Amino acid sequence: MLIARVAALVALLTSPLAAASAQVAVSGQRPPQDPSPGDGWNSPDALDLMQRAAARRASVRAAAGAGANQDGVRYTIRAEGQIHYTLEFAGEARVVRADQVAVDVDWRPPDFSRQIIVGRRSEGRLPQTITYHIDHLALLLDNYRGTIRLGQGDEVPGAPHPAHAGFLGLYDYRVADSLSVRTAAGEQRLAEIEVRPKQPGLPGVVGSLFVDRDSGDLARIRLSFTETAYRDPSLERISIDLRGAVWAGGHWLPESQQVEIIRGHAWFGFPVKTRIHVNFRVLSAEVGSVDRAGPALAGHTIVSAVPSRLELHADWTRPLHLTMDAIQPLTEAELNWYRSDALRLLRGRHLTGLNRFRPWLPAVSSGIRARRGEGFFLGAGVEWRPTDAARLTALPGFAAGLDRPEAALDFGRLVGVWEVSLSAAVNRTQDLGRPVRLGGGPALFGESPTAGLLKSLSLLVGGDDFEDPYYTSGATLTASRPFGPAGTQAVVTISGSVAGHRPARLVWGEGWPGGGMSRAVRKADRGTQADLAAGVRWDLGSYAGASWDLSATVGGRYWIPTSSIDSADQGAATDPPKVLAAGEVGLRGVREPIRGRPGWTLSASVGATGVTAPQHLYLLGGRGTLPGYNFRDWGGDRFALIAAEVSQDIAWPWVRLYAGVASGTAAQSGAGARAAAGRFGVDESGGPRASGWVGLGLFYDLARIEAARPFEGLEGGHLEVWRLMVSVAPFVRGIL
């Protein structure tokens, strides 16, 4: 299957567009290189090519003014684009709104274009009041202008064009690569010219221009901007990729474009971003000579047909939601490649318009929360970005119930396309039941029982925060890298850590709201643990109308138990150091319900681990694994879990109906697992257990009310009753 997908991708990149004229698009991606500083910059070949490109652009205007028919080329094209507005919460992305537009373009020399939006339709997935700049709904025709302007000047007011004759002295140029492409018009010889500003502190662009060595035409423009080029202070980054193709007569004309606009918060660091992804492709083009008897025209306009006609565009025969998967936003692999390549060219200077130093919180509950093992916690962090490739965050806090500080420090850096981070923490509260971790994050096993903010509310109301806490102090080194194109991207993560573990105690007492009925804190063992783990998450693409991903994690740990003066911890004191191994595999498929179409989710995971302490156990039961049962009644060193859920909108966006089932088992196959489970107070599940639930998703499915029950009677002390749960959509849990 993978070979077939790769073959299809190669065929797509190398085949001509469906048009009457033979053409070829310039594509491909060259791995970032690290030549010595100054190597090849402003060589005679690079400067000659750029002067030829600038002269070619200038000659269009001059030739048109002189009436030279051979250069008086007029083209009209029909293009179609999709605009996705995406909201990202702690790395989880959700499309807020999708638009599709159809544009007719008439371009004539020396400096005239008119774009008419002849079709437009949109679909909202989350509440929004988005108004796009009109140039986001049309093609960028900047090949023949002196400056590059975006967002009607609100985003980029005017960066000097690196191939304009008047601005050649502002940039450095270097020949990075050469290639040849064959078309019906003959062989086209191209050179990739890397470009960077001579003074990175001034407004400008950084990236690559693909220049036709024979004609001087620009075949492709791939650019980002320096930080001073942005007017909007919330802009993190804008990436532009304009690709040309050779049409009839050997003319380089637009073929496709991608624009990625990423925004954060100008002064406060929080893991919420918005992303506008604009993707256009040219469906057809006609090339002809300019009518010299007509009036000379100048200026660039974008207009729209009347709203009543836009949605009646005849070329749209499929519903919008069925076309959304055809055009993928840039993957993290591609974005990291663009960013690392631009940073390499700028020698580590800033590319983002965001502030270098900001207050920072990774989630709401990182600033304020209540937990059985901490009491009330208050924290406040700061973020500093010395360069676009490096990030330092510090998050100190104080747990009132323990009367002690907690702190976390994290340094991350982009090294090529690898994201590398080194983090250290003191007295960090962790949750048992998820033994294999990468970079301190959750393992594949189960879902987070509930959002951090809801854990605090649940503790205040019902005395349970749905955690089994223990404390760690140590350091973690993590490296991750995405591989592959959109639709088949895989992210590989490698992590190593060393941390001391100690058991938590109940500090949420009678004096706190809900303290009198708090669930007891079950004890972890004391010890020191060294971990090494590797994992991959692979986007398998879309099948059966759903998006699928496969995750796998393998790890090993070296556990050194520590003796304790607390008699409750003595069970771990006599165990010798041990080397333990663990591995998990998970598969997940998701299809969103859209416009009457039902949706569904299917997930399955299995795993095994060596156990010598309770924090190595897989814990099963209740929220996050088998809703309806008591919370984490079972545990073992082996687990299997499968869950399926169907959903249907019954009054979108106000109400969505859910129904689901889950089945899982936890087994204790070793003496270490049985001993640790006995100290922790859990049994093995005694075979598969199953439960089901029904629920309502409210207001764009942001809030959920569910009732769950086990599929068994009084066996094992579990009453056959419905249990009410309140939760939020999974993609917003990370910021709460």
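The rules we used
Residues numbered from 1 in each chain as written. Predicted model: local features only at pLDDT ≥ 70, side-chain atom pairs only at ≥ 80, totals over all residues. Heavy atoms only, no water. Phe/Tyr/Trp six-rings, centres within 6.5 Å; stacked < 30°, edge-to-face > 60°. Buried < 20%, exposed > 50% of the residue type's maximum accessible area, 1.4 Å probe, protein only. Patch = residues over 30% accessible without salt bridge, like charges linked within 9 Å, V, L, I, M, F, W, Y side chains within 5 Å. Areas by Shrake-Rupley, 256 points an atom, 1.4 Å probe, with all protein chains shown as cover. Salt bridge = Lys/Arg side-chain N within 4 Å of Asp/Glu carboxyl O. Helix = DSSP H or I, 4+ residues; strand = E, 2+ residues; numbered from the N terminus. Pairing = 2+ DSSP bridges. Contact = heavy atoms within 4.5 Å. Polar contact = N/O pair within 3.5 Å; in protein donor to acceptor, adjacent residues only side chain to side chain.

Student: Can you walk me through the packing of aromatic side chains in this structure?
Tutor: Each aromatic ring pair is characterised by the separation of its centres together with the angle its planes make. Throughout the structure, instances matching the rule amount to 13 aromatic pairs. Between W267 and F268, the ring centres sit 5.7 Å apart and the planes meet at 55°, which makes this aromatic pair tilted. Where F699 meets Y700, the ring centres are 5.1 Å apart and the plane angle is 85°; that geometry is what we call edge-to-face. On the basis of relative accessible area, F699 is assigned to the partly exposed category, the value being 37%. Judged by relative accessible area, Y700 falls into the buried class, the value being 16%. Members of the aromatic cluster, joined through ring pairs, are W652, W654, F699 and Y700.

Student: In this structure, what is going on with a nonpolar patch on the surface? I would like to understand it.
Tutor: Residues V364, I368, F376, L378, L453, L457, L460 and V461 make up a contiguous nonpolar surface patch of roughly 670 Å² in combined accessible area. Looking at the nonpolar patch, the elements with two or more residues in it are β16 (375–379) and α6 (452–462). With four residues, α6 is the largest single contributor of residues to the nonpolar patch. Residue F376 is classed as partly exposed on the basis of its relative accessible area, which comes to 32%.

Student: What is the right way to read the pairing of strand β19 (residues 404–415) from this model?
Tutor: Side-chain positions along a regular strand alternate between the two faces of the sheet. Where strand β18 (residues 390–399) and β19 come together, 10 bridges link them in antiparallel fashion. For A390, the partnering residue across the bridge sits in β19 and is R413. The antiparallel pairing of β18 with β19 creates a hairpin that spans four residues between the two strands, and D403 there sits at a positive phi of about 55°. Across nine bridges, β19 lies against strand β20 (residues 418–431) in antiparallel orientation. Bridge assignment links D410 to a residue of β20, and that residue is S423. Linkage of β19 to β20, two consecutive antiparallel strands, is achieved through a turn of two residues, within which G416 is found at a positive phi near 65°.

Student: Teacher, can you tell me more about the environment of R213 here?
Tutor: One can find R213 in the loop between β8 (205–212) and β9 (218–225). Taking relative accessible area as the criterion, R213 reaches 18% and is therefore assigned buried. R213 sits 33 residues away from S180 along the chain, and the two C-alpha atoms are 10.0 Å apart. Beyond its immediate stretch of four places on either side in the chain, R213 contacts D45, L49, R52, V175, S178, R189, L190 and A191. A distance of 3.4 Å separates a polar atom in the side chain of R213 from a polar atom in the side chain of D45.

Student: What am I meant to see in the pattern of salt bridges here?
Tutor: A side chain with one charge can pair with a side chain of the opposite charge if their charged atoms come near. One pass over the structure, following the stated rule, counts 43 salt bridges. When the shortest N-O distance is used, the salt bridge between R275 and E88 registers 3.2 Å. One end of the pair, R275, is in strand β12 (residues 272–289); the other, E88, is in strand β1 (residues 73–89), with 187 residues separating them in the sequence. The exposure class of R275 is buried, given its relative accessible area of 8%. Residue classification places E88 among the buried positions, given a relative accessible area of 13%. A salt bridge links D99 to R120; the shortest N-O distance between them is 3.3 Å. With a gap of 21 residues between them, D99 in strand β2 (residues 92–108) and R120 in strand β3 (residues 111–124) connect regions that are remote in the sequence. If you follow the salt bridges from partner to partner, you end up with R94, E592, D649, R656, D701 and R704 in one network.

Spatial relationships are all this shows, so hold off on functional conclusions.
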